[in-house]
Amino acid sequence: MTQIIDPDIRKAQTLPSRFYSDESTFAEIVSGFSDCWHFAAHESQLAKDNILPLDHMEFLVGESMLLTRDDTIRCLSNVCTHRGMLVATEACCSSTLRCGYHGRTFGIDGSFRNMPEFEQVEDFPSPSDDLSSFDLNHWRGLLFAGNKPSRFMNCLEELKGRIGWMPIESFEHDPSRHRSYDIDANWALYVDNYLEGFHIPYVHGDLHEELDYDSYSTELFEGGVLQVGIARDSESCFNLPKSSPDYGQSIAAYYYWLYPGLMLNFYPWGLSVNLVVPLSVERTRIVYHGFVWDRSKLAEGAGGDLDKVEAEDQGIVEATQRGVKSGAYDRGRYSPTRESGVHHFHRMLTS
Ligand code: FES
Ligand SMILES: [Fe+2]
């Protein structure tokens, strides 16, 4: 699929519409997600509960997983080794994992503990009766998991240099900020829309009043894109330390996107994580998690009314899905000044 997207944005055409509507193209792209690290959770989601199922992983990498915490945090298979029931279906606090189907129990580390009515079974238990484990990576309180992942963990280096001064590991999970929306659109259309601020004046009237459109910037790096929103009103911006490369600027938001569907939106109040989870070729789940740093800034600035911005974006993305299926449309062109992030994403999708 090389060179579907010209590397020169001035010459390039956008992604062919089959990428948004064709089943086999969708299946091929999503099968490549197994190579990637994916956001699992922030450690503060394991502060009260010590067992946390990761429903989104099933759609991203085809494995049902859960996190458990005792003195360490582990990522385990959420599939019971008896007949395959999911071990945990919601977050909870317990000293063991117990399957709700026939009562098989496992330690928090996934090791087999007990099974009723199995006294006569030969060569039992064996290591295959333990829950298998998956790779887990920690960065500043953010946990990343995958099924033999190899790509894109290095893009966290980008965040380290830019926003590593924030105390991300001490941000606190706020369950009241959790949202989950299922929308009628392909996952990549949702990402396309996220990767440009071009539409802000047209689609997000209130957000447009917060951000200085002319100063909005887009930076590309391997595995992701950073968009920086500059505040019109210098009160709703970060109090940047001298160690920040952006010291002296009125930054309202750092919008990081990491391939394929992770959005880390840093605002003066904290972090809003958006997960883009493909359910099928034309159906996508958008999951929001909020982690609060400074509660007094929650209602302010670019990160103030995320529900309104989300509803505006969803309306656009669902209507665009209807449009790209038209026989009258296949590809468009990019604005070199406003759509470099979308171009970068499309190149990643097709290389
Ligand atoms: S499937 Fe879990 S105990 Fe039977
Ligand atoms: Fe938007």
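First, a word on what this report is: a plain description of the structure on this page. Please read these numbers as outputs of a predicted model, since none were measured by experiment. (Residues numbered from 1 in each chain as written. Chains lettered and ligands numbered in written order. Predicted model: local features only at pLDDT ≥ 70, side-chain atom pairs only at ≥ 80, totals over all residues. Heavy atoms only, no water.)

This brings us to the overall build of the chain. Tallying secondary structure elements over the chain gives nine helices and 17 strands in all. For 351 residues, the compact-globule estimate of 2.2 N^0.38 gives 20 Å, and the C-alpha radius of gyration of the chain, at 22 Å, lies within 12% of that figure. At a minimum sequence separation of 6, the contacts of the chain that also span at least 24 residues come to 64%. (Helix = DSSP H or I, 4+ residues; strand = E, 2+ residues; numbered from the N terminus. Rg over C-alpha atoms; globule rule 2.2 N^0.38 Å. Contact = heavy atoms within 4.5 Å.)

Bringing the environment of glutamine 314 into the picture now. Here glutamine 314 lies in helix α8 (residues 306-324). Residue classification places glutamine 314 among the buried positions, given a relative accessible area of 12%. Once the C-alpha coordinates of glutamine 314 and isoleucine 9 are considered, the two residues, 305 residues apart in sequence, prove to be 26 Å apart. With residues near it in sequence (within four places) discarded, glutamine 314 still touches Tyr181 and Ile183. (Buried < 20%, exposed > 50% of the residue type's maximum accessible area, 1.4 Å probe, protein only.)

Read across the sheet, three strands follow the order β5-β6-β7 without closing on themselves; strand pairing throughout is antiparallel. Edge strands, defined here as strands with exactly one partner in the open sheet, are β5 (96-98) and β7 (112-114). For this sheet, the mean angle separating the axes of adjacent strands, direction not counted, is 35°. Note: strand β6 (residues 105-107) against β7, two bridges, orientation antiparallel. Its bridge partner being in β7, threonine 105 is matched across the sheet by asparagine 114. (Pairing = 2+ DSSP bridges. Axes fitted to C-alpha atoms, helices over the stretch in contact; angles between N-to-C directions.)

This paragraph deals with the environment of histidine 138. Mapping histidine 138 onto the fold places it in strand β8 (residues 133-139). According to the relative accessible area criterion, histidine 138 is partly exposed, its value standing at 41%. Through-space distance from the C-alpha of histidine 138 to that of histidine 42 is 9.2 Å; in sequence the pair is 96 residues apart. Dropping the residues within four chain positions of it, histidine 138 is found in contact with Glu43, Ile73 and Leu143.

Here we come to the coordination of the iron ion (ligand 2). Ideal donor angles around a metal are set by the shape: a four-donor tetrahedron calls for 109.5 degrees, a six-donor octahedron for 90 or 180 degrees. Distances from the iron ion (ligand 2) to its protein donors, His199 (NE2), His204 (NE2), Asp313 (OD) and Asp313 (OD), fall at 2.0 to 2.6 Å. For the iron ion (ligand 2), the single-chain donor residues occur in sequence as H-x4-H-x108-D. You can see histidine 199 sitting in the loop between α5 (187-194) and α6 (200-203) and its partner aspartate 313 sitting in helix α8, a full 114 residues away along the chain. The exposure class of histidine 199 is buried, given its relative accessible area of 11%. (Donors = N, O, S within 2.8 Å, 3.2 Å for Na, K, Ca; no water.)

Take the pairing of strand β12 (residues 217-221) next. Of the pairings in the sheet, the one linking β12 to strand β13 (residues 224-230) comprises five bridges and is antiparallel in character. Each residue of the ladder has a partner; that of phenylalanine 221, found in β13, is glycine 224.

Following the criterion strictly, the structure yields two cavities of 30 Å³ or more and no others. Reported here for the largest cavity is a volume of approximately 310 Å³. Contributing elements (two or more residues each) for the lining of the largest cavity: α5, β15 (262-267), β16 (270-280) and α8. When residues of the lining of the largest cavity are assigned to their parent elements, the largest contribution, four residues, is made by α8. Here the residues of the lining of the largest cavity are counted per class, giving eleven nonpolar, eight polar and three charged. (1 Å grid on protein atoms, 1.4 Å probe; cavity = no way out; pocket = protein on both sides within 12 Å on 5 of 7 lines; lining within 4 Å. Points joined across faces, edges and corners; volume = space filled by probe spheres on them. Nonpolar A, V, L, I, M, F, W, Y, C, P; charged D, E, K, R; others polar.)

The next point concerns unusual backbone geometry. Cis peptide bonds are those with omega within 30 degrees of zero, and the linkage from phenylalanine 124 to proline 125 qualifies with 0°. Here proline 125 is to be found in the loop between β7 and β8. The omega torsion of the bond from tyrosine 259 to proline 260 falls at -5°, within 30 degrees of zero and hence cis. By the element assignment, proline 260 lies in the loop between β14 (251-258) and β15. Although it is not a glycine, aspartate 123 adopts a positive phi angle of roughly 50°. Examined against the element boundaries, aspartate 123 turns out to sit in the loop between β7 and β8. Here aspartate 123 falls in the exposed class, since its relative accessible area comes to 74%.

Shape descriptors only; they carry no functional weight alone.
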